[in-house]
Amino acid sequence: MILWKEQLEEAVNTLERLEEFINVTDDEREAIKTLNTKWGTTPYFASLMDVDDPNCPIRKQVVPSLKEKKNVYGIEDYLIWKENRDNEEERPDTIARQYHDRVAFTVLDQCGIYCRHCFRKEVVVNHDINLRFDIDEGLGWIREHEEVRDVLVTGGDPLLLSNGKIEYIITSLRAIPHVEMIRIGSRTPIVLPQRINEGLLDVLGGYHEVPIWINTQCNHPKEITEQTARSVYKLLSAGVNVGNQAVLLKGINDDIKTFRELHQKLLATRIRPYYLFYCEPAPGIDHFRTSVEKGSELIRDGLRGHTTGLAQPMYVIATNVGKIPLMPDYYIIDKNDKEYKLKNHRGEYTTLPNIAE
Ligand SMILES: *Cc1c(COP(=O)(O)O)cnc(C)c1O
Ligand code: SF4
């Protein structure tokens, strides 16, 4: 088995290397040659791509597409707008803030896959925005802001840092009295499960007053392997909670069958679906975007009532004013002074008394 560092050293990020895994199409070849973009992933994740089918859901997340050249709806300088980076409050580059009690703490710009649909492309893929990743400055800011009780360590992928660096960040955060919980956003359980090794488990695990949640990103059932399942089990056994933040992607997971299978398989792997994100209007990813209603339709027609309640993510759109829920609301059909009329997932009706307040 190839260890995690070798997985990164041997990353599949050149045309020659990609050809060892798949039969590259002419369009893919042209995209790789003409797009000035960072791309690639681990050999582990690359080996899950279909050899011949350019529509393979994993392949579309990994291999650049000529469609990225077209940008009709994407907002320029997207992250500046989205992360309120030009407003009055003085903050270190590493801290993104949209809420009073929690912040995102960006600690590096590297990933185990440079997702073609990434809305943070300006930072992690194309480096149009160069942030100063001064971890001590970020920690200092959090220490001074007593209202921050929840820190979301993000990137890039924070788990690509060495165990020593991760330990430093976690121990420093745990030593801040007002920090009650730590979240880590990482695709490693999906694209680099080898990363969940003994050293990392020692750093993250054990009984602590400041618990850790890892939220990963898995968008298609094909991304989940036996190795993912084992890594997730190790994290949970060490006391680390694992959730998923899927992105709604056109042609990848926007049909009922795939969508339901994804959420059932996540749960069967002990990964709790947390969010379903609408694909954000960043530049060059128009081709991945569905209508906004699509996500709530999929939840209504594919999940709610149709499968285990725990498999239901919250559908949200992330904006410059925070995340906005977009859950389906078809159930209250009518209401009068006496009763509510309600509808279930099969279209059947029932009534309940309306209790006057
Ligand atoms: C998403 C996000 C959070 C966390 O939001 P939750 O709804 O609590 O998961 C916090 N800060 C920023 C800047 C975010 O984008
Ligand atoms: S892992 Fe996350 S930050 Fe990295 S490229 Fe993918 S979506 Fe973007």
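Owing to the predicted nature of the structure, the values given are computational and were not obtained by experimental measurement.

Chemist: Go over the domain arrangement of the chain with me, naming the residues and quoting the values.
Modeler: When the domains of the chain are assigned, the result is domain 1 (66-326) and domain 2 (331-357). The C-alpha-based centres of domain 1 and domain 2 are spaced at 37 Å.

Chemist: Please give an account of the pairing of strand β9 (residues 322-325) that cites residues and values.
Modeler: In terms of strand pairing, strand β8 (residues 314-319) meets β9 through four bridges, oriented antiparallel. Residue pairing in the sheet places Val 316 in a bridge with Pro 325 of β9. From the end of β8 to the start of β9, which pair antiparallel, there are two residues.

Chemist: Can you break down the site of ligand 2 residue by residue, with the values?
Modeler: Every residue close to ligand 2 is listed here: Cys 111, Ile 113, Tyr 114, Cys 115, Cys 118, Val 124, Arg 187 and Gln 217. Structurally, ligand 2 is housed in the largest pocket. Counted by class, the shell around ligand 2 contains six nonpolar, one polar and one charged residues.

Chemist: Could you give an account of the layout of surface pockets, naming the residues involved and the relevant values?
Modeler: The space that makes up the largest pocket amounts to roughly 1100 Å³. Taken together, 47 residues make up the lining of the largest pocket; nearest its centre are Phe 119, Arg 120, Thr 154, Gln 245 and Phe 277. Tallied by class, residues from the lining of the largest pocket come to 25 nonpolar, 12 polar and 10 charged. Volume-wise, the second largest pocket comes out at about 370 Å³. Around the second largest pocket, the lining comprises 15 residues; the ones closest to its centre are Pro 54, Asn 55, Lys 60, Ser 65 and Lys 67. Breaking the lining of the second largest pocket down by element, the ones donating at least two residues are α3 (26-34) and α5 (57-62). Split by residue class, the lining of the second largest pocket holds five nonpolar, four polar and six charged.

Chemist: Go over the site of ligand 1, please, and point to the residues and values.
Modeler: Around ligand 1 sit Ala 96, Gln 98, Tyr 99, Arg 102, Ala 104, Leu 152, Arg 183, Tyr 274, Tyr 275 and Lys 323, and those are all the residues in its vicinity. Here an oxygen atom of ligand 1 and a side-chain polar atom of Lys 323 are 3.2 Å apart. Coverage of ligand 1 by the protein chains reaches 85% of its 390 Å² of free accessible surface. Most atoms of ligand 1, that is more than half of them, are within 2 Å of grid points of the largest pocket. Of all elements in the fold, only β2 (102-106) and β7 (272-277) reach the threshold of two or more residues within the shell around ligand 1.

Chemist: Give a description of helix α14 (residues 293-303) that names residues and reports values.
Modeler: The complete set of buried residues in α14 reads Gly 295, Ser 296, Leu 298, Ile 299, Gly 302 and Leu 303. With its buried residues spanning 155 degrees around the axis, α14 presents them on a single face. Buried residues along α14 sit against α13 (256-268), β7 and β8. Gly 305 lies just past α14 and shows a positive phi near 85 degrees.

Reading guide: rules and limits
Residues numbered from 1 in each chain as written. Chains lettered and ligands numbered in written order. Predicted model: local features only at pLDDT ≥ 70, side-chain atom pairs only at ≥ 80, totals over all residues. Heavy atoms only, no water. Domains from an automatic or database assignment. Pairing = 2+ DSSP bridges. Helix = DSSP H or I, 4+ residues; strand = E, 2+ residues; numbered from the N terminus. Near = heavy atom within 4 Å. 1 Å grid on protein atoms, 1.4 Å probe; cavity = no way out; pocket = protein on both sides within 12 Å on 5 of 7 lines; lining within 4 Å. Sits in = over half its atoms within 2 Å of the grid points. Nonpolar A, V, L, I, M, F, W, Y, C, P; charged D, E, K, R; others polar. Points joined across faces, edges and corners; volume = space filled by probe spheres on them. Polar contact = N/O pair within 3.5 Å; in protein donor to acceptor, adjacent residues only side chain to side chain. Areas by Shrake-Rupley, 256 points an atom, 1.4 Å probe, with all protein chains shown as cover. Buried < 20%, exposed > 50% of the residue type's maximum accessible area, 1.4 Å probe, protein only. Arc of directions from axis to C-beta. Contact = heavy atoms within 4.5 Å.

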